[in-house]
Amino acid sequence: MKETESKHFIQEIVEDDIRSGKFQGRIHTRFPPEPNGYLHIGHAKSICLNFGLAAKYGGLTNLRFDDTNPVKEDTEYVDSIKEDVRWLGFNWDDREYYASDYFGKLYEYAVKLIEKGKAYVCDLSQEEMAQYRGTVIQPGKNSPYRDRSVDENLNLFQQMKNGVFPDGAKVLRAKIDMASPNMLLRDPILYRILHIEHHRTGNAWCIYPMYDFAHGQCDSIEKITHSICTLEFEVHRPLYDWLIRELEIYAPQQIEFARLNLTYTMMSKRKLLELVKGGFVSGWDDPRMPTICGLRRRGFTPESLRNFAEKVGVARRDNVIDISLLEFCLREDLNKRAMRVMGIMNPLKVTISNYPENQVEWMDAVNNPEDCAAGSRKIPFSKEIYIERDDFMEDPPKKYFRLFPGSEVRLRYAYFIKCEEVLKDPVTGEVIELRCSYDPASQGGNSPDGRKVKGTIHWVSVNHALQAEVRLYDRLFVKENPEDCEDCDDYKVNINPDSLKIQTCFIEPSVKEAAKLDKFQFERVGYFTVDYDSTPQKLVFNRTVTLKDSWSKIAGKD
RNA sequence: UGACCUAUGGUGUAAUGGCAGCACAGCAGAUUUUGGUUCUGUUAGUCCAGGUUCGAGUCCUAGUAGGUCAACCA
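Not measured: the values here are computed from a predicted model.

Rules used throughout
Residues numbered from 1 in each chain as written. Chains lettered and ligands numbered in written order. Predicted model: local features only at pLDDT ≥ 70, side-chain atom pairs only at ≥ 80, totals over all residues. Heavy atoms only, no water. Pairing = 2+ DSSP bridges. Helix = DSSP H or I, 4+ residues; strand = E, 2+ residues; numbered from the N terminus. Axes fitted to C-alpha atoms, helices over the stretch in contact; angles between N-to-C directions. Contact = heavy atoms within 4.5 Å. Buried < 20%, exposed > 50% of the residue type's maximum accessible area, 1.4 Å probe, protein only. Right-handed = clockwise from strand over helix to strand, strands pointing away. Arc of directions from axis to C-beta. Phe/Tyr/Trp six-rings, centres within 6.5 Å; stacked < 30°, edge-to-face > 60°. Lys NZ or Arg CZ within 6 Å of the ring centre and 35° of its normal. Near = heavy atom within 4 Å. Polar contact = N/O pair within 3.5 Å; in protein donor to acceptor, adjacent residues only side chain to side chain. pLDDT = per-residue confidence, 0-100. Disulfide = S-S within 2.5 Å.

This part covers the sheet that holds strand β4 (residues 119-122). Strands pair in a sheet through their backbones, by hydrogen bonds, and they do so in one of two ways: parallel or antiparallel. Taken together, four strands build an open sheet; the order of strands is β4-β5-β6-β7 and the sheet is antiparallel. Among the strands making up the open sheet, the edge pair consists of β4 and β7 (207-209). Direction aside, the axes of adjacent strands within the sheet are offset by 20° on average. Of the pairings in the sheet, the one linking strand β5 (residues 171-174) to strand β6 (residues 189-193) comprises three bridges and is antiparallel in character. Paired with arginine 173 across the two strands is isoleucine 189, which belongs to β6. Seen against the sheet, helix α4 (residues 103-115) touches β4, β5, β6 and β7 and runs at an angle of roughly 120° to β6.

In structure tokens:
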């Protein structure tokens, strides 16, 4: 009853800070993507963490684009990022910021550092700089330009800004310690020359700050309290703190957590791009992609993703989350909200021999047994129906309680039927049709004599069924770790060749008016959503996830 | 090879020196007009060795294993 909700370590830090008044009790986070690609489920964890934390403790969250490298960035990405964050259910009001908004301020900061003798302009080439930097086990050595005078540095830096030098000719470096065991502290580069148009500042600048010189200072300008990032930035923290200290400006606190990893899933932006470019998927929003837009098209709900982010937890150790947890969160949410509908994936024709020719009855069907408010609908029943091929076996194993010669099953919401005759193709021997009898007294699915049937199967009326394209998606990779390949170095050998199967399905007419991204449960089959490609003339459904299937386990054991 | 970080069932995450708990997955059963849902039960864990302590998953030391860092990327 009194579940004392357990807190993760960042919540503990925040609560301690609120108690001690560290930031006057404020909490202000930020989500800082670089607009150079599409957001994926790993970002979703970070988004939920940052926005969720602020919401929980009465704070605010900024959306800030870390656009300090014009080479890779584009407004196309900022638009998609905004759409995805909004879709996930988070709101940043008017707090939409860009690192590029602060280029002027950042330049002043750099000048201040030069004036304090803490930064210098360096002429070393990239190769030379790598040599001077040393290695993780060997200290580096000072650049010959390290002792330039403040005035010379000031002058040179201004010339860099004014476009006097070509790309790569000079950089601005912090003057810290070339022997530091932390490579990030060996006089890191603060500014580089890039004569490239920026998607927001155009050609106003030809020098651009590096991540390390931009990120912490932006956090500081925005009065961020807790700057949350992933573990690989841990070694940057001493530099983050050094810059803030030398600049003598407001100091946020950087906190690192372990990024999300998922079985059967790849998160690397570069490799995801490769999948798109190589045509292995149809695009960034292919329903097999772990991108937010891909998951959305697949049929995920924001609630399921938020709940997932909650369930995976926040900690500092590397983790690989089992994809089944994601599927659990998905089904849990879809079960509550998805309209039930009957659709036949692999049809087998059944003729009800004793049912009147040309008669049509409209059967009552519950829209969602988990939600009374969802109401009910009418489904047409007639002499000729389709059932699922899997729901008939001529020679069934034990515990098979669907249709077989002589058996009786319930047609959901309709009648009991009994299999009387099996028609086969004379050449191939394939079962092509079943002749069944129905019990008129069992209308609605119950027999007045109290007779029980073990199996209930779904069906559609042949003459009323709509034809729809269904896209059956499965995991993109066959290995838990897609990068794991023996005797090779290419994850692409692990791509699942059967990750997409396209079929026609026969579905009850009630879905005719379905709108894009509407969600359905095809009873006994799985959850489906209406794809963007769907039109009233040609319905297209994506399979989001199958239902749990305990029969296949039983059957598989024999 | 150096510095730093991390280590709890199959997976993830709690236990803040005092009963190792929760979720997913698995297994077994009950309910069911979805072999779905729901409900019940159940299997399974503190990396290793020392130390501190009345008491250690937790603190200390050493080891082992994994991760991060040597872009003018973020």
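Where burial is concerned, most of strand β8 (residues 226-230) is hidden: five out of the five residues are buried. Here β8 shows a buried face lined by His226, Ile228 and Thr230 and a second buried face lined by Ser227 and Cys229. One ladder, built from five bridges, connects β8 with strand β9 (residues 253-257); its direction is parallel. Its bridge partner lying in β9, threonine 230 is registered against phenylalanine 257. Since β8 and β9 lie parallel, the crossover through helix α8 (residues 237-247) that links them has a hand, and here it is right-handed.

Attention shifts here to helix α11 (residues 302-312). Residues lying three or four places apart along an α-helix face the same way, a consequence of the helix completing one turn every 3.6 residues. Here α11 has its buried residues at Pro302, Ser304, Leu305, Phe308, Ala309 and Val312. Viewed end-on, α11 has its buried residues packed into an arc of 165°, placing them on one side of the element. In the core, the buried residues of α11 are packed alongside α2 (41-56), α3 (75-88), α10 (292-298) and α12 (323-337). Taken from the residues just after α11, glycine 313 is the one with a positive phi, measuring 80°.

Further remarks concern the packing of aromatic side chains. The final tally for this structure, using the stated rule, is 24 aromatic pairs. On the basis of an interplanar angle of 85° and a centroid distance of 5.2 Å, the ring pair of tyrosine 355 and phenylalanine 381 is categorised as edge-to-face. Placement of tyrosine 355 in the loop between β12 (347-352) and β13 (361-366) and of phenylalanine 381 in strand β14 (residues 376-381) is noted, with a sequence separation of 26 residues between them. There is no split in this pair, since tyrosine 355 and phenylalanine 381 are both buried. Between tyrosine 415 and tyrosine 438, the aromatic rings sit 4.7 Å apart at their centres with planes inclined by 75°, giving edge-to-face as the arrangement. Separated by 23 residues along the polypeptide, tyrosine 415 in the loop between β16 (408-411) and β17 (416-424) and tyrosine 438 in strand β18 (residues 431-438) bring together distant segments of the chain. The same class applies to tyrosine 415 and to tyrosine 438, which are both buried. Members of the aromatic cluster, connected to one another through ring pairs, are Phe103, Tyr107, Phe157, Tyr191, Trp205, Tyr208 and Phe213. Above the face of the tyrosine 107 ring, lysine 161 is positioned so that its terminal group lies 4.9 Å from the ring centre.

Our focus in this paragraph is the protein's contact with RNA strand B. Among the 71 residues in the neighbourhood of RNA strand B, the closest are listed as Glu12, Arg317, Arg340, Gly444 and Arg524. Each atom of RNA strand B within 4 Å of the protein was assigned to sugar, phosphate or base; sugar and phosphate come to 62%. Between glycine 168 and RNA strand B, the recorded distance is 3.0 Å, taken from a backbone N or O atom to a base nitrogen. Contact distances for RNA strand B include 3.3 Å between a sugar or linking oxygen and a side-chain N or O atom of aspartate 318.

Residue placement: threonine 61 occurs in strand β2 (residues 60-65). Polar contacts involving the side chain of threonine 61 include one to the main-chain carbonyl oxygen of asparagine 50, which spans 3.2 Å. Not counting residues within four places of it along the chain, the set of residues in contact with threonine 61 comprises His28, Thr29, Arg30, Phe31, Asn50, Phe51, Ala54, Trp92 and Arg95.

To continue, consider the confidence of the model for chain A. For chain A, per-residue confidence averages 96 on the pLDDT scale, and residues scoring 70 or more make up 99% of the total. The complex model carries a pTM of 0.96, and its ipTM stands at 0.97.

All right, on to the environment of lysine 378 then. The residue lysine 378 is located in strand β14 in this model. As a C-alpha pair, lysine 378 and aspartate 17 span 361 residues in sequence and 59 Å in three-dimensional space. Sequence-distant contacts of lysine 378, defined by excluding residues within four places in its chain, comprise Trp362, Met363 and Asp364.

Turning next to the sheet that holds β16. As summarised here, the arrangement of the seven strands in space is β19-β16-β17-β18-β12-β15-β20, forming an open sheet in which the pairing is mixed. Strand pairing shows two members of the sheet lacking a second neighbour, β19 (456-457) and β20 (459-461), which therefore form its edges. As paired strands, β16 and β19 are joined by two bridges and run parallel to one another. Bridging from a neighbouring strand, arginine 410 pairs with threonine 456 of β19.

This part takes up the pairing of strand β21 (residues 466-473). A large share of β21 lies buried, amounting to seven of its eight residues. Sheet analysis places β21 next to strand β22 (residues 500-507), joined by eight bridges and oriented antiparallel. Along β22, the bridge assignment pairs alanine 468 with cysteine 505. As paired elements, β21 and strand β25 (residues 539-546) share four bridges and run parallel to each other.

In this model, glutamate 248 sits at a positive phi of 55°, which is unusual for a non-glycine residue. Along the chain, the position of glutamate 248 falls in the loop between α8 and β9. For arginine 524, which is not a glycine, the phi torsion comes out positive at approximately 70°. Considering the arrangement of structural elements, one finds arginine 524 in the loop between β23 (519-522) and β24 (526-530).

A covalent bond between the sulfur atoms of two cysteines is referred to as a disulfide. All told, the structure shown has zero disulfides when counted by the stated rule. In this structure cysteine 122 is a free cysteine whose sulfur lies 18 Å from that of cysteine 206, the closest cysteine sulfur available. Accessibility expressed as a relative area gives 0% for cysteine 122, which makes it buried.

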